[in-house]
2 protein chains.
Amino acid sequence: MKRILIDMDGVLADVYSRLFELHKEVTGELLCQDDVAGKLEEEAFPLQRQWVMSAGFFRSLPVMPGSIERVRKLNEKYHVVIISLATEFPASLTDKQYWLHEHFPFITWRQIVFCGDKSLVKADILVDDHPKNLDTFEGETIMFTQPHNLYLTTRHRRAGNWDEIERMLL
Amino acid sequence: MKRILIDMDGVLADVYSRLFELHKEVTGELLCQDDVAGKLEEEAFPLQRQWVMSAGFFRSLPVMPGSIERVRKLNEKYHVVIISLATEFPASLTDKQYWLHEHFPFITWRQIVFCGDKSLVKADILVDDHPKNLDTFEGETIMFTQPHNLYLTTRHRRAGNWDEIERMLL
């Protein structure tokens, strides 16, 4: 059974939706995808670092559309491991696991990795939105399209949404 | 540079010292190592599960004698990664990282893995007190002696304390 690593933020958790909301609340300005495309989150949203460091940010993120049913199917065909570079934000760790248990209750605690370097983990496939994680991964890579990576020319296969992941892997 | 995985509980964190204290507080009975040797923690301390699930348990654990200076030295010679099966206790995750930052400030967030299965991680050496982790590891293994593993006959090299780890690895 092949092992697939699935990133959380920007793949399972819809971080941008929440950043758009917070930006609107704080500044009154309604941004759209074109306004932030091609920029890192911290470039697109000046207060991003403050928001993601605050308690509760990750606990309240919406789920990426279509992800729950597809991860459930992947979980039958692959050894699914959910992975997050969460040690960069220690206050987020417990929140992130409770969020996973709430939305993906079929993922057990044995299938979760919170770390600071995804290249430490042995797997066959990695689904991630960040080139820094994909570029150093030795197996098959799928770049999940998010505004920050929209204009990147990349050697990784791209999935624009969870329908495309299903077509690729199921 | 070889990569060495170092377990937290029972290797860096002196869990038994705290369990002895809590047992004394709750029952009035002062246990010694002979009373608990050869038993799993949950067998030796009937309230162990309740204690380890409670907030703050891991944040207050004493540091294993001699570990700080030896991990500092290992950190110069090896790629040190601190690992803990912490997703079994989600409430512990943030506590565990803050504990590490307090006592081992030279370990960065990039060198930490909290997971539910240590066999997912690529490394050359594993120092751990639990046979369940050591037995499935493909590299060099060192069993850190703790009361629960004291009478086990094992193929793993044993270290009774951090002086012995230093002689083996430094």
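Whatever comes next refers back to the structure up there.
Keep in mind it's a predicted model, so treat the numbers as computed, not measured.

Student: Tell me about helix H5 (residues 67-77) of chain A, residues and numbers included.
Tutor: All names here are of chain A. Within H5, the full set of buried residues consists of Ser 67, Arg 70, Val 71 and Leu 74. Take H5 and look down its axis: the buried residues cluster within an arc of 100 degrees, on one side only. Packing partners of the buried residues in H5 comprise strand E1 (3-7), strand E2 (79-84) and helix H8 (162-169).

Student: Please give an account of the relation of the copies chain A and chain B that cites residues and values.
Tutor: Between the two copies, chain A and chain B, the superposition gives an RMSD of 0.0 Å; the rotation angle is 180 degrees and the shift along the axis is 0.0 Å. The superposition operator between the copies reduces to a two-fold rotation axis. Most of the interface of chain A is mirrored in chain B, where 100% of its interface residues are also at the interface.

Student: So what's going on with the environment of A:Gln48? Which residues, and what values?
Tutor: All names here are of chain A. You can see Gln 48 is positioned in helix H4 (residues 48-53). Along the chain, Gln 48 and Arg 3 lie 45 residues apart, while their C-alpha atoms are 32 Å from each other. In this view, Gln 48 contacts Leu 19, Glu 41 and Glu 42; residues no more than four positions away in its chain are not counted.

Student: If you had to explain the packing of aromatic side chains to someone new, which residues and values would you point to?
Tutor: Counted under the stated rule, the structure contains 16 aromatic pairs over all chains. Seen in terms of ring centroids, A:Phe104 and A:Phe106 are 6.1 Å apart; in terms of plane orientation they differ by 70 degrees. Their pairing is edge-to-face. Taken individually, A:Phe104 and A:Phe106 each receive the classification buried, so the pair is uniform in this respect. With a centroid separation of 6.0 Å and 40 degrees between ring planes, the pair formed by B:Phe58 and B:Phe89 is classed as tilted.

Student: Let's hear about helix H8 (residues 162-169) of chain B: which residues, and what values?
Tutor: Residues and elements named next belong to chain B. Within the sequence span of H8, burial applies to Trp 162, Ile 165 and Leu 169. The buried side chains of H8 occupy one side of the element, clustering within an arc of 45 degrees when seen end-on. Summarising the contacts, the buried residues of H8 are in contact with strand E1 (3-7), helix H5 (67-77), strand E4 (125-128), strand E5 (140-144) and strand E6 (157-159). Its side-chain oxygen placed 3.0 Å from the backbone nitrogen of Asp 163, Asn 161 serves as the N-cap of H8.

Student: Can you lay out the environment of A:Leu150 for me, pointing to particular residues and giving the numbers?
Tutor: Residues and elements named next belong to chain A. Relative to the helices and strands, Leu 150 is located in the loop between strand E5 (140-144) and strand E6 (157-159). Measuring from C-alpha to C-alpha, the distance between Leu 150 and Asp 129 comes to 9.9 Å, with 21 residues separating the pair along the chain. Every residue in contact with Leu 150, bar those within four places of it in the chain, is listed here: Gln 33, Ala 37, Thr 145 and Arg 158.

Student: Before we move on, can you summarise the sheet that holds E4(B) with the specific residues and values?
Tutor: Remark on secondary structure: sheet strands pair via backbone hydrogen bonds, oriented parallel or antiparallel. An order of E6(A)-E5(A)-E4(A)-E1(A)-E2(A)-E3(A)-E3(B)-E2(B)-E1(B)-E4(B)-E5(B)-E6(B) is seen for the 12 strands of this open sheet, with the pairing classed as mixed. Of all the strands in the sheet, just E6 of chain A together with E6 of chain B have a single pairing partner and so form its edges. For this sheet, the mean angle separating the axes of adjacent strands, direction not counted, is 25 degrees. Summarising the sheet, E4(B) and E5(B) pair through 4 bridges and their orientation is parallel. The partner of B:Val127 across the bridge, within E5(B), is B:Ile142. In the packing of helix H6 (residues 93-103) of chain A onto the sheet, contacts are made with E2 and strand E3 (112-115) of chain A together with strand E3 (112-115) of chain B, and the angle to E3(A) comes to roughly 160 degrees.

Student: Explain the pairing of E5(B) to me, and be specific about the residues and the numbers.
Tutor: All names here are of chain B. By the criterion of burial, E5 is predominantly enclosed, with 4 of the 5 residues buried. Strand direction decides the pairing type here: E5 and E6, joined by 3 bridges, are parallel. Following the sheet pairing, Phe 144 is matched in E6 by Ala 159.

Student: Can you explain the interface of chain A and chain B? Please cite residues and give values.
Tutor: Counting from both sides, the interface comprises 24 residues of chain A and, opposite them, 24 residues of chain B. Interface of chain A and chain B: buried area, both sides summed, is about 2300 Å²; carbon and sulfur atoms make up 59% of it. Of all residues in chain A, A:Trp109, A:Leu120 and A:Lys122 bury the most surface against chain B, accounting for 28% of the area lost on that side. Our count for the chain A to chain B interface comes out at 0 salt bridges.

Student: Give a detailed account of the environment of B:Asp163, specifying residues and quantitative values.
Tutor: Residue and element names in this part refer to chain B. Locating Asp 163 in the fold gives a position in helix H8. Separated by 76 residues in the primary sequence, Asp 163 and Thr 87 have C-alpha atoms spaced 30 Å apart. Among the polar contacts listed, one links the side chain of Asp 163 to the side chain of Arg 70, at a separation of 2.4 Å.

Student: Tell me about the side chain of A:Asp95, and name the residues and values.
Tutor: All names here are of chain A. Inspection of the secondary structure puts Asp 95 in helix H6. Look at Asp 95: it is buried, it has no salt bridge, and the nearest opposite charge is Arg 59 at 5.0 Å. With sequence-adjacent residues up to four places away left out, Asp 95 is seen in contact with Ala 55, Gly 56, Phe 57 and Arg 59.

What counts and what doesn't
Residues numbered from 1 in each chain as written. Chains lettered and ligands numbered in written order. Predicted model: local features only at pLDDT ≥ 70, side-chain atom pairs only at ≥ 80, totals over all residues. Heavy atoms only, no water. Buried < 20%, exposed > 50% of the residue type's maximum accessible area, 1.4 Å probe, protein only. Helix = DSSP H or I, 4+ residues; strand = E, 2+ residues; numbered from the N terminus. Arc of directions from axis to C-beta. Contact = heavy atoms within 4.5 Å. Least-squares fit on C-alpha atoms with pLDDT ≥ 70 in both. Phe/Tyr/Trp six-rings, centres within 6.5 Å; stacked < 30°, edge-to-face > 60°. Polar contact = N/O pair within 3.5 Å; in protein donor to acceptor, adjacent residues only side chain to side chain. Pairing = 2+ DSSP bridges. Axes fitted to C-alpha atoms, helices over the stretch in contact; angles between N-to-C directions. Buried area = accessible area lost by both parts, 1.4 Å probe. Salt bridge = Lys/Arg side-chain N within 4 Å of Asp/Glu carboxyl O. Lys, Arg positive; Asp, Glu negative; His and termini not counted.

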